[in-house]
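Okay, here's what each chain looks like letter by letter:
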Amino acid sequence: MRALIAFGTGRYSDPWHPLEATANALGGIVAAAGFDVRFTSDLDRALAALGDVDLLVVNATDPWRNGQTGRGAPEASTSGFADAVARGVGILAMHNSIASLRDYPLWRTLIGGDWVPGRSGHPPHGSLTVNVGPWADRPASRFIVEDEGYVYLEVDHDVDVVALHESDGLRHPLMWRHEAASTRVFYDALGHDLRSYASAEHVALIQRAALWCVRDS
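What counts as what
Residues numbered from 1 in each chain as written. Predicted model: local features only at pLDDT ≥ 70, side-chain atom pairs only at ≥ 80, totals over all residues. Heavy atoms only, no water. Helix = DSSP H or I, 4+ residues; strand = E, 2+ residues; numbered from the N terminus. Contact = heavy atoms within 4.5 Å. Expected span 1.5 Å × (residues − 1). Salt bridge = Lys/Arg side-chain N within 4 Å of Asp/Glu carboxyl O. Buried < 20%, exposed > 50% of the residue type's maximum accessible area, 1.4 Å probe, protein only.

Student: Give me the lowdown on the environment of Leu-47, citing residues and values where you can.
Tutor: By the secondary structure assignment, Leu-47 is in helix α2 (residues 43–47). A C-alpha to C-alpha distance of 17 Å links Leu-47 and Ser-13, two positions 34 residues apart in sequence. Setting aside anything within four residues of it in sequence, one finds Leu-47 in contact with Leu-56, Ser-77, Gly-80, Phe-81, Leu-101 and Tyr-104.

Student: Requested: an account of helix α1 (residues 19–32), with residues and values cited.
Tutor: Because an α-helix completes one turn every 3.6 residues, residues spaced three or four positions apart along the sequence face the same direction. With 14 residues, α1 should reach 20 Å at 1.5 Å per residue; the first-to-last C-alpha distance of 20 Å fits that figure. In the core, the buried residues of α1 are packed alongside β1 (2–7), β2 (36–40), β3 (55–59), β4 (90–94) and α5 (200–213). With its phi angle positive at about 110°, Gly-34 sits one or two positions after the end of α1.

Student: Summarise the pattern of salt bridges; cite the residues concerned and give the values.
Tutor: On inspection of all chains with the given rule, the structure shows twelve salt bridges. One salt bridge in this structure joins Arg-102 and Asp-114, with 3.2 Å as the shortest N-O distance. Taken as a pair, Arg-102 in the loop between β4 and α4 (105–111) and Asp-114 in strand β5 (residues 113–114) lie far apart in primary sequence, twelve residues in all. The shortest N-O distance in the salt bridge between Arg-108 and Asp-156 comes to 2.8 Å. In this pair, Arg-108 sits in helix α4 while Asp-156 sits in the loop between β8 (154–155) and β9 (160–167), placing the two residues 48 residues apart along the sequence. Judged by relative accessible area, which is 24%, Asp-156 ranks as partly exposed. The network of salt bridges with common partners includes Asp-62, Arg-102, Arg-108, Asp-114, Glu-154 and Asp-156.

Remember that the coordinates give geometry; whether it matters functionally is a separate question.
Spelled out as structure tokens, the structure:
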């Protein structure tokens, strides 16, 4: 199984997320689940050439932040991405990637949610209790991770929520899976920095998610 870890640089990066470091951590996690891993820091170019990729891992941020607007994506990239989705490439989207790839309309449909500027946010980084629901033959569980807990995301009704956390007396989805057309997509809102990947429970969830995305679990 071949995995491509695509991490943001340029307009797909920001000052707050150590994307290359977390991409390297993700590469090790996915490799330990049985994938042959390679990396790219050029998202647009990567999406144009996904023909040999079984799992696309996106670790990038919002290209439209600070009032910037879309400038479009290369036609080769949008068509290459659409072709990969049509054949059933698996997609694992991490953390702020919910707000990324905004110049790719298909992305919003696939990921099953969105970061809404002015509404979505997160409390200060710290200890976060993650409540994981039953998944396949696994019982419900709970673990603590050092991370950000996103709140008030837009979440579509047809996603299968895997994990939640509580903030301000409300329960907020943190992880979900979504099947759209031929593609399986798993979104994990955790992963702000390397502290998140120090959690063995989080690592195990990522590995299970990666395998689910390629229909190996």
